[in-house]
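# Fold and contact review
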Amino acid sequence: MSGPLRRAVRGLRWYVRELTDESAYERYVAHLRKGHPDAVVPSRRAFERMRTDRQESDPRQGFRCC
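Looking at an unreviewed UniProt entry, one finds the chain named YbdD/YjiX family protein, with Streptomyces flavofungini as its source organism.

Here it is as structure tokens:
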């Protein structure tokens, strides 16, 4: 793959990950390591469970259909 094409694919991948919030776990882990170095880093599964629970408990998020 040539340089410009590789950069375009990398940019597209970054955009899709940000759009779908797939990178939320990596951002959370970076936040914990920087601001709370002694905190235990949850597994990805535990993080997603915490995130889903938080969203479902917040009435501003709307309802969850399924």
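### Here we look at the overall build of the chain
Of regular secondary structure, the chain possesses three helices and zero strands. Counting helices and strands in the order they occur from the N terminus, the chain gives α-α-α. A compact globule built from 66 residues should have a C-alpha radius of gyration of about 11 Å, whereas the chain, at 16 Å, is more than 25% larger. The C-alpha extent of the chain, read off along each of the three principal axes, is 45 × 35 × 20 Å. Looking at the chain as shown, the accessible area adds up to about 5900 Å², and 57% of this sits on carbon and sulfur atoms.

### Some remarks on the pattern of salt bridges
Applying the stated rule across the entire model yields eight salt bridges. Of the charged contacts, one joins Arg 51 and Asp 21 as a salt bridge, the two residues approaching to 3.3 Å between their closest N and O atoms. With Arg 51 in helix 3 (residues 44-57) and Asp 21 in the loop between helix 1 (3-19) and helix 2 (24-35), the pair connects residues that are 30 residues apart, well separated along the chain. A relative accessible area of 14% means that Arg 51 is categorised as buried. For the salt bridge of Glu 48 with Arg 44, the shortest nitrogen-to-oxygen distance reads 3.8 Å. Here Arg 44 and Glu 48 lie together in helix 3, a separation of four residues that amounts to about one turn. Under the relative-accessibility criterion, Arg 44 is labelled partly exposed at 27%.

### Quick word on the side chain of Ser 23
With respect to the helices and strands, the residue Ser 23 is situated in the loop between helix 1 and helix 2. On the basis of relative accessibility, which here comes to 6%, the residue Ser 23 falls in the buried class. For Ser 23, the residues in contact, after removing those within four places along its chain, are Arg 17 and Glu 18.

### Observations concerning the packing of aromatic side chains
Evaluation of the coordinates by the stated rule reveals two aromatic pairs. Counting every residue linked through ring pairs, the aromatic cluster contains Tyr 25, Tyr 28 and Phe 47.

Cut-offs and rules
- Residues numbered from 1 in each chain as written.
- Predicted model: local features only at pLDDT ≥ 70, side-chain atom pairs only at ≥ 80, totals over all residues.
- Heavy atoms only, no water.
- Helix = DSSP H or I, 4+ residues; strand = E, 2+ residues; numbered from the N terminus.
- Rg over C-alpha atoms; globule rule 2.2 N^0.38 Å.
- Areas by Shrake-Rupley, 256 points an atom, 1.4 Å probe, with all protein chains shown as cover.
- Salt bridge = Lys/Arg side-chain N within 4 Å of Asp/Glu carboxyl O.
- Buried < 20%, exposed > 50% of the residue type's maximum accessible area, 1.4 Å probe, protein only.
- Contact = heavy atoms within 4.5 Å.
- Phe/Tyr/Trp six-rings, centres within 6.5 Å; stacked < 30°, edge-to-face > 60°.

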